[in-house]
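Chain and residue survey
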Amino acid sequence: MPNTATPTHCPYCALQCGMNLTPAPDGTVEVSERADFPVNRGALCGKGRTAPAVLSTSVRLTSPLVRSGGTLVPASWEEALDRIAEGLTRTRTEHGPDACGVFGGGGLTNEKAYTLGKFARVVLGTSQIDYNGRFCMSSAAAAGIKAFGLDRGLPFPLEDIPKSGCVILVGSNLAETMPPSLRFFNELRENGGTLIVIDPRRTKTAEQADLHLAPRPGTDLALALGMLHLVVAEGRTDEEYIRERTTGWEEARAEALAHWPEYVERITGVSVPELREAVRMFCEPESAMVLTARGPEQQSKGTDTVGAWINLCLATGRAGRPLSGYGCLTGQGNGQGGREHGQKADQLPGYRKLDDPEARRHVAEVWGVDPDSLPGPGRSAYELLDALGTDIRALLLMASNPVVSAPRAAHVEERIKSLDFLAVCDVVLSETAALADVVLPVTQWAEETGTTTNLEGRVLLRKQAITPPSGVRSDLEVMHELADRLGVEKGFPTDAEEVFEELRRASAGGVADYSGITYRRLAEENGVFWPCPADGDAEEAVEHPGTPRLFHDRFATPDGRARFAPVAHRATAEEPDDEYPVLLTTGRVVSQYQSGAQTRRVDELNAAAPGPFVELHPRLAARLGAAEGDPIAVVSRRGRAVAPARITNSIRPDTVFMPFHWPGEGRANTLTNPALDPTSRMPEFKSCAVRLEAVAS
Ligand code: SF4
């Protein structure tokens, strides 16, 4: 590779910040500012700035590993690939195709996510594929599809935020998860707009707000219903909009009116005057937005909770209006694209439904297979992990580390250990890879070209900037080689652009239509928003501008109208009781990313965030007799985690918080509840009942 700067994008979160990468003579890679990318205009958080350290970490895998005599030992690529092919073939022969599972990730490029879905359904013939994005934004996706007929995280560019009149951020700590995005909210306030943050903790983001509401974890749905009640009671509904652009208002209105504010106050802990102030701030300006993130979404009622916030937007005539509407702040780097191209249990490329006969026919034609040969929908992520070792006997896993990131993680770890065969592709020996029978070392972001789709629905070209170390291969090469060994010689190219060309055809006519997008356009235009149809003509294909803003004319439902969700409050799956009297909520810190598999390998990030902690209110700490830094055991019905106390007034006295980036005795997900949302199949990460115990240090 030339020693010149390559414009590319960060490997981590869904902001997909632009950066330049330049190989240095000493073999390292320098990151420099890339001001032309409008999302971050050169700014990066510490994770992005230090991302090259993972490329050359001393624990980088550069040789396949196979299990021999109980330990993982280096092996040739031929031996490792043969072992995987044998393991999958044996499982299929003995137990049927659905005994083979595939688990993907929201960090995979569009090309890899597309190929993984095709590999599962065409090569393995299994229905059992899902991915860790199910744990991220699936509730928002389900609610968005119900209400608008389409799920694109943000239906408008981030650049619209500063021009809006008010933004409600629900359960999002952007100051820690996506720091460069804060500038949009700072500009909003500089322009006279207001920011409302809803979070049980007074986070760094909440500190910047004009109004911070701190509900009990798991009560965001009731809060939204209470606000909608006041909107109705105070005559702030937009009747003309409701009449012309929506359906289902009467039922939603009745539910909201059943939730009188004093009742909401008791459930949420947010006072009626605070609720009234939030309603006033949201309704008075010409334009306003609601943006949700994992707080309301990672609940066993996440779909209804997001639906309640969408109802608020619809009743006040916000959705589909300029500088207004509902959006989801997707988390993972390719969390958006990762859910569009077929690695979800129930979907085919183009964001098509797997049980739709026309969708099956279209995709099967692109793949050159019989539509009837495509399996139907499979299990969702947690259900798939829970079935390991029983119904699912072998697993191929890419870009995920469920031993740390899955709910009820100790149980998931046991399920993984009970597999007949596990193959993992990764760049380091993650906690999950360490349990595998075969580990394949794969290329990373800067070592390969591919596309991602950021939280705005902006498709981006992540360009190769450096030569990968010898000994590693790309995930696309892995799937090509495995398909070949499993008897499918064609249809699994190793070149990302070639895959993208097929993805364009597979997505054509679907909700997420990429058919008018090319690598050339992505490079020239700094990204293109989907849908971007080709319109059936190569010349016109490059002329479609893409779609930065959705729903201004009509929603993507059959009748063009948005649908209210008739949602009612219900308790979290696990309320506190005498035995487990405190609520645990989990989340992120600025210097670590997801399961930490990459960021825990970066010295600077580890120095800033060396391990887990239990954040608790001084009153709880006093009851426990705990001082700052004392080890505290947090015990739930699923297990026990121990971490030092971090005592602060910024959290509710009935709630403790733990970040989930670490394995071992401080693993927060040992505690979390796998109760699932009935629609999105999202686990209840954000709320479970625990008790605290002092630990002798
Ligand atoms: Fe990377 Fe996200 Fe940080 Fe931007 S905010 S540098 S995309 S981790």
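Residues numbered from 1 in each chain as written. Predicted model: local features only at pLDDT ≥ 70, side-chain atom pairs only at ≥ 80, totals over all residues.

Under the annotation held in an unreviewed UniProt entry, the protein carries the name Assimilatory nitrate reductase catalytic subunit and is attributed to Streptomyces davaonensis.

1. Structural notes on the overall build of the protein
Cut-off, in case you're wondering: Under the DSSP-based scheme used, a helix requires at least four consecutive residues in state H or I and a strand at least two consecutive residues in state E, with every element numbered from the N terminus. Note on method: radius of gyration uses C-alpha positions; expected globular size equals 2.2 Å times residues raised to 0.38. For the exposure call, what matters is how many other C-beta atoms sit within 10 Å of a residue's own: 20 or more marks it buried, 12 or fewer exposed, and in between partly exposed, using C-beta atoms placed from the backbone.
On a plain count of helices and strands, the protein comes out with 26 helices and 30 strands. Against the globule reference of 26 Å for 697 residues, the protein gives a C-alpha radius of gyration of 24 Å, in line with a compact fold. On the principal axes, the C-alpha backbone points of the protein span a range of 70 × 70 × 55 Å. Expressed as a percentage of the 697 residues in the protein, the buried residues total 60%.

2. Quick word on the nonpolar core
The criterion, for reference: By definition, a nonpolar core groups buried Ala, Val, Leu, Ile, Met, Phe, Trp, Tyr and Cys residues that are joined through C-beta atoms within 7 Å. Each residue is represented by a C-beta atom placed from its backbone, and any two residues with such atoms within 7 Å are regarded as in contact.
One finds V167, I196, M227 and W309 to be the most contacted residues of the largest nonpolar core, which totals 187 residues. Top element by residues in this core is helix α9 (residues 220-233). It accounts for nine residues. Ignoring anything within four residues of it in the chain, the contact list for I196 reads C166, I168, A209, D210, L211, L213, A278 and M281.

3. Details of the domain arrangement of the protein
Going by this rule: Domain delimitation follows an automatic or database domain assignment.
According to the domain assignment, the protein consists of domain 1 (6-55), domain 2 (65-135 + 336-541), domain 3 (138-329) and domain 4 (582-694). Listing elements by their share of the side of domain 3 that touches domain 4, those giving two or more residues are α5 (138-148), α6 (174-177), α14 (294-297) and α15 (302-315). Counting residues per element, the side of domain 3 that touches domain 4 draws most heavily on α5, which supplies four residues.

4. Some words on the site of the ligand
Applied cut-off: The criterion for a residue being near a molecule or strand is a backbone-placed C-beta atom within 6 Å of that molecule or strand. The classification used treats Ala, Val, Leu, Ile, Met, Phe, Trp, Tyr, Cys and Pro as nonpolar, Asp, Glu, Lys and Arg as charged, and all other residues, Gly among them, as polar.
Not every one of the 14 residues close to the ligand is listed here, only the nearest: C10, C13, C17, C45 and G48. In the shell around the ligand, the residues fall into ten nonpolar, three polar and one charged. Residue-level mapping places the shell around the ligand at the junction of two domains, with at least three residues from each of domain 1 (6-55) and domain 3 (138-329).

5. Details of the packing of α9 against helix α11 (residues 249-258)
Let me state the cut-off plainly: Whenever a helix is involved, its axis is fitted only over the stretch in contact; in every case the axis is a line through C-alpha atoms, and angles between N-to-C directions fall within 0 to 180 degrees. To sort the angles, those under 35 degrees are grouped as roughly parallel, those over 145 as roughly antiparallel, those from 65 to 115 as roughly perpendicular, and the leftovers as oblique.
Close contact between α9 and α11 brings their axes to 8 Å; oriented N to C, the two are set at 105°. With respect to their mutual orientation, α9 and α11 come out roughly perpendicular. Residues L225, L228, H229 and V232 of α9 form the contact with α11, whose participating residues are R253, E255, A256 and L257. Across the contact of α9 with α11, the residue classes tally to five nonpolar, one polar and two charged.

6. Considering the sheet that holds strand β16 (residues 394-398)
Worth spelling out the cut-off: In short, DSSP must find at least two bridges between two strands for them to pair.
The strand order across the open sheet formed by seven strands is β5-β4-β18-β17-β16-β6-β7, and the pairing between neighbours is mixed. The strands lining the two open edges of the sheet, one partner per strand, are β5 (71-74) and β7 (129-131). Averaged over all adjacent pairs, the angle separating strand axes in this sheet is 20°, with direction ignored. Across five bridges, β16 lies against strand β17 (residues 421-426) in parallel orientation. Bridge assignment links A394 to a residue of β17, and that residue is F421. This element, helix α4 (residues 110-124), spans β6 (100-104), β7 and β16 of the sheet and lies at about 175° to β6.

7. Focus: unusual backbone geometry
In this model, W530 is joined to P531 through a cis peptide bond whose omega is -5°. By the element assignment, P531 lies in the loop between β21 (528-529) and α24 (538-541). Backbone geometry places R408, a non-glycine residue, at a positive phi of 50°. Looking at the element boundaries, R408 is found in the loop between α19 (402-405) and α20 (409-417). In this structure R408 comes out as buried when scored by C-beta crowding, with 25 C-beta atoms within 10 Å. Non-glycine residue R681 carries a positive phi angle of around 65°.

8. Describing the sheet that holds strand β19 (residues 450-453)
Judged by pairing direction, the sheet is antiparallel, and its three strands sit side by side in the order β19-β20-β21 without closing on themselves. Each of the sheet's edge strands pairs with one partner strand only, and the pair in question is β19 and β21. Relative to β21, strand β20 (residues 458-462) runs antiparallel, the two sharing two bridges. If you follow R458 over to β21, its bridge partner there is F529.

9. Considerations on the environment of A571
Mapping A571 onto the fold places it in the loop between β22 (562-563) and β23 (582-587). Sequence-wise, A571 and Q464 are 107 residues apart; in three dimensions their C-alpha atoms are separated by 48 Å.

10. Re α15
The condition is simple: To estimate how far a helix should extend, the number of its residues minus one is multiplied by 1.5 Å.
The end-to-end C-alpha distance of α15 is 20 Å, a good match for the 20 Å that 14 residues give at a rise of 1.5 Å each. Counting buried positions over the 14 residues of α15 gives 14, a clear majority of the element. Phi turns positive, to about 70°, at G317, one or two residues after α15.

11. Focus: the pairing of β20
Burial of β20 is extensive: five of the five residues sit out of reach of the surface. Of the two faces of β20, the one lined by R458, L460 and R462 and the one lined by V459 and L461 are each fully buried. Sheet topology note: the β19/β20 ladder contains four bridges and is antiparallel. Among the inter-strand pairings, T451 is bridged to a residue of β20, identified as L461. With antiparallel pairing between neighbouring strands as the criterion, β19 and β20 make up a hairpin whose turn holds four residues, including G457 at a positive phi of roughly 80°.

12. Some words on the packing of α9 against helix α13 (residues 272-283)
Going by this rule: Each helix crossing is assigned a hand: it is left-handed if the near helix lies turned anticlockwise from the far helix by less than a right angle, otherwise right-handed if that turn is clockwise.
At their nearest, the axes of α9 and α13 sit 9 Å apart, and the two run at 65° to each other. Judged on the interaxial angle alone, α13 and α9 are roughly perpendicular. In this structure, α9 crosses over α13, and the sense of that crossing is right-handed. Facing α9, whose interface residues are G226, M227, L230 and V231, α13 presents L275, R276, A278, V279 and C283. Here the contact of α9 with α13 is built from residues that sort into seven nonpolar, one polar and one charged.

13. Some points on the environment of N311
With respect to the secondary-structure elements, N311 resides in helix α15. Along the backbone, N311 and V412 are 101 residues apart, and their C-alpha atoms lie at a distance of 36 Å. Filtering out sequence-adjacent residues up to four positions away, N311 remains in contact with L228, A252, F564 and A565.

14. A closer look at the UniProt feature "domain: 4Fe-4S Mo/W bis-MGD-type" (unreviewed entry) in the protein
Formally: UniProt positions are given in the numbering used here, feature names are shortened, and annotations may be inferred rather than shown by experiment.
The UniProt record annotates "domain: 4Fe-4S Mo/W bis-MGD-type" (unreviewed entry) at residues 3-59. A helix fraction of 14% and a strand fraction of 25% characterise residues 3-59, whose end C-alpha atoms lie 25 Å from each other.

15. Here's the deal with the environment of V272
Within the secondary structure, V272 sits in helix α13. You can call V272 partly exposed: it has 14 C-beta atoms within 10 Å. Leave out the neighbours within four places in its chain, and V272 touches P261, E262 and E265.

16. Focus on α4
The end-to-end C-alpha distance of α4, which contains 15 residues, comes to 20 Å, matching closely the 21 Å that a straight helix rising 1.5 Å per residue would cover. Most of α4 is tucked away: 15 of the 15 residues are buried. A positive backbone phi angle near 65° is found at G125, which sits one or two residues after α4.

17. Regarding the confidence of the model for the protein
Heads up, the condition is: Note: pLDDT gives the predictor's confidence per residue, expressed from 0 to 100.
Scored by pLDDT, the protein has a mean of 96; 99% of the residues are at 70 or more. Predicted as a complex, the structure gets a pTM of 0.96 and an ipTM equal to 1.00.

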